[in-house]
Amino acid sequence: MPIEIPTDLTPELVPLSWLIGTWEGAGRLGDGEGDDAHFIQRVEFIDDGAPYLSYRAASWLSDEEGNKLRALATEQGYWALDRPLQDADGGPGMTPGEIVPALRSADDVEALRAPEGGFNIVVNIAHPRGVSELYYGNINGPRIELATDMVVRGPNSREFTSATRMYGLVNGQLFWRWDVAADGEPLSAHASAALTKQA
């Protein structure tokens, strides 16, 4: 399925625009070899008309044929360009910002291009049971690299200290890999998948 870019986006969403929509596909836990478990995942990147994308993902353990066995995980959050706070930005809470977006043109967005190419981004992802990840990274065309700046855990959450995520658009599919440092172990392969954009 070809990637269609909406024409009415808030300007600062343009670098993220190829993500918008619903993606589904299959993946594997761990290194994806041997007895590593299979899963099915559905991911949504949603343009709410604000200068960020809302993000939701749900995964189910599956057999090798892709039949769902049981719920595995959910997460949700927000993806945005990493840029200085502007007077037009809202918050905290429901404090309204100005009606116009903070970045009003392609030139405003282009001024944020990183020296090494692409754009710096910030991603907040929350999980059930009191875990939240704050990632910083870069989106450079169809490639995204993220690393946690902070992981926040509640007192009844499993140990989880850091993570990296990589995404790439290859032949119309969204490939991703998630490495995690948890339970006293160093950063290692946690999961990966290949997702196809849905009509």
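No experiment lies behind these values; they were computed from the predicted model shown. (Residues numbered from 1 in each chain as written. Predicted model: local features only at pLDDT ≥ 70, side-chain atom pairs only at ≥ 80, totals over all residues. Heavy atoms only, no water.)

Visitor: Can you walk me through the overall build of the protein chain in this structure?
Guide: Each helix and strand in the protein chain was counted, giving 1 helix and 10 strands. Taken against the 2.2 N^0.38 rule, which gives 16 Å for 199 residues, the C-alpha radius of gyration of the protein chain at 18 Å falls within 12% of a compact globule. With respect to the principal axes defined by its C-alpha atoms, the protein chain has extents near 50 × 45 × 35 Å. Out of the 199 residues belonging to the protein chain, those deemed buried represent 40%. Long-range contacts, defined as pairs at least 24 residues apart, comprise 42% of the intrachain contacts of the protein chain with a sequence gap of at least 6. Within the structure as shown, the protein chain displays about 11,200 Å² of accessible surface, and the carbon and sulfur contribution to it stands at 51%. (Helix = DSSP H or I, 4+ residues; strand = E, 2+ residues; numbered from the N terminus. Rg over C-alpha atoms; globule rule 2.2 N^0.38 Å. Buried < 20%, exposed > 50% of the residue type's maximum accessible area, 1.4 Å probe, protein only. Contact = heavy atoms within 4.5 Å. Areas by Shrake-Rupley, 256 points an atom, 1.4 Å probe, with all protein chains shown as cover.)

Visitor: Whenever I open this one, the nonpolar core confuses me. Can you help?
Guide: As a rule of thumb, soluble globular proteins bury nonpolar side chains together. In this structure, Leu 19, Phe 45, Trp 79, Ile 121 and Ile 144 are the most contacted members of the largest nonpolar core, which totals 38 residues. Examining the composition of this core, we find that 5 residues originate from one element, strand S9 (residues 173–182), more than from any other. Among all residues touching Ile 121, those that are not within four sequence positions of it are Leu 16, Trp 79, Ala 80, Leu 81, Asp 82, Tyr 135, Tyr 136, Gly 137, Asn 138, Ile 139, Ile 144 and Leu 146. (Core = buried A, V, L, I, M, F, W, Y, C linked by side-chain atoms within 4.5 Å.)

Visitor: I tried to follow unusual backbone geometry on my own but got confused; where do I start?
Guide: Note on backbone geometry: most residues besides glycine have negative phi, and most peptide bonds are trans. The omega torsion of the bond from Gly 91 to Pro 92 falls at 0°, within 30 degrees of zero and hence cis. Structurally, Pro 92 can be placed in the loop between strand S4 (68–81) and helix H1 (106–110). Although it is not a glycine, Arg 129 sits at a positive phi angle of roughly 65°. Mapping Arg 129 onto the fold places it in the loop between strand S5 (119–127) and strand S6 (131–140). You will see that Asp 183, though not glycine, has its phi angle at about 50°, which is positive. Positionally, Asp 183 belongs in the loop between S9 and strand S10 (188–197). With relative accessibility at 53%, the residue Asp 183 sits in the exposed group.

Visitor: Hey, could you run me through the sheet that holds S4 in this one?
Guide: What holds strands together in a sheet is hydrogen bonding between their backbones, with the strands either parallel or antiparallel. The 10 strands lie next to each other as S1-S2-S3-S4-S5-S6-S7-S8-S9-S10, forming a closed barrel whose pairing is antiparallel. Going across the sheet, the axis of each strand differs from the next one's by a mean of 25°, ignoring polarity. Looking at chain direction, strand S1 (residues 21–29) and S10 are connected through 7 bridges and run antiparallel. Bridge pairing links Arg 28 to Ser 192 in S10. (Pairing = 2+ DSSP bridges. Axes fitted to C-alpha atoms, helices over the stretch in contact; angles between N-to-C directions.)

Visitor: Where do I start with the pairing of S4 in this structure?
Guide: Along a regular strand, successive side chains alternate from one face of the sheet to the other. Strand direction decides the pairing type here: strand S3 (residues 53–62) and S4, joined by 10 bridges, are antiparallel. Its bridge partner lying in S4, Ala 57 is registered against Glu 75. Linking two consecutive strands that pair antiparallel, namely S3 and S4, is a turn of 5 residues; a positive phi of about 90° is found at Gly 66 within it. Sheet analysis places S4 next to S5, joined by 6 bridges and oriented antiparallel. Residue Gln 76 lies in a different strand from S5, and its bridge partner there is Ala 126.

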